[in-house]
Amino acid sequence: MLDALKGLHFFSRFAYSFSALGYRQRRLLWKDFHADYRDQTWLVSGASGGIGRAIAASAADGGAEVMALARSAEKLDDLAAEVDEGIIPHPIDLSLRENIGAFLDEMA
């Protein structure tokens, strides 16, 4: 029982810091971050949704030229319309070797 109380005391010291309340409190002290990706070219796969879409949009907003790769041409067009400039959509299925070879030949 004593070991359980010691463990509870140990972990309760950190609970606030790793909770949503601790995050919100520390977030107030963070400096604003403005990324400058001008003169950079990014290749982002999976840019039609999720993390890939967020990375592509953020890089384009920072000034990068983003080659966005995904299977869905419609979703890539939506991304390009959502972001003012910097997105170059490339609909491609990266699970097929012949598509990868054709894309690399196009880029060369």
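The rules behind these values
- Residues numbered from 1 in each chain as written.
- Predicted model: local features only at pLDDT ≥ 70, side-chain atom pairs only at ≥ 80, totals over all residues.
- Heavy atoms only, no water.
- Salt bridge = Lys/Arg side-chain N within 4 Å of Asp/Glu carboxyl O.
- Helix = DSSP H or I, 4+ residues; strand = E, 2+ residues; numbered from the N terminus.
- Buried < 20%, exposed > 50% of the residue type's maximum accessible area, 1.4 Å probe, protein only.
- Phe/Tyr/Trp six-rings, centres within 6.5 Å; stacked < 30°, edge-to-face > 60°.
- Pairing = 2+ DSSP bridges.
- Axes fitted to C-alpha atoms, helices over the stretch in contact; angles between N-to-C directions.
- Contact = heavy atoms within 4.5 Å.

Enquirer: Residues and numbers for the pattern of salt bridges, please.
Expert: With the rule as written, the count across this model stands at three salt bridges. Between R53 and E82 there is a salt bridge, and its shortest N-O distance comes to 2.7 Å. One end of the pair, R53, is in helix α3 (residues 50-61); the other, E82, is in helix α4 (residues 73-82), with 29 residues separating them in the sequence. R53 gets classed as buried once you look at its relative accessible area, which sits at 19%. Between R71 and D93 there is a salt bridge whose closest N-O contact spans 3.1 Å. Taken together, the residues span a long stretch of sequence, with R71 in the loop between β2 (65-70) and α4 and D93 in the loop between β3 (87-91) and α5 (97-107) at a distance of 22 residues. Given the relative accessible area of 65%, R71 is considered exposed.

Enquirer: Could you give an account of the packing of aromatic side chains, naming the residues involved and the relevant values?
Expert: A full pass over the atoms with the stated rule returns two aromatic pairs. Ring centres of Y23 and W30 lie 5.6 Å apart, and the angle between their planes is 70°; this geometry places the pair in the edge-to-face category. Among the residues examined, Y23 registers a relative accessible area of 42% and is labelled partly exposed.

Enquirer: Which residues make up the sheet that holds β3, and what are the values?
Expert: Strand order in the open sheet made by the three strands is β1-β2-β3, with parallel pairing throughout. Strands with a single pairing partner mark the edges of an open sheet, and in this sheet they are β1 (41-45) and β3. For this sheet, the mean inter-axis angle between neighbouring strands, taken without regard to orientation, is 20°. As paired elements, β2 and β3 share five bridges and run parallel to each other. Among the inter-strand pairings, M67 is bridged to a residue of β3, identified as I88. Contacts between α3 and the sheet are confined to β1, β2 and β3, with β1 contributing the most and set at about 165° to the helix.

Purely geometric numbers; function is a separate question.
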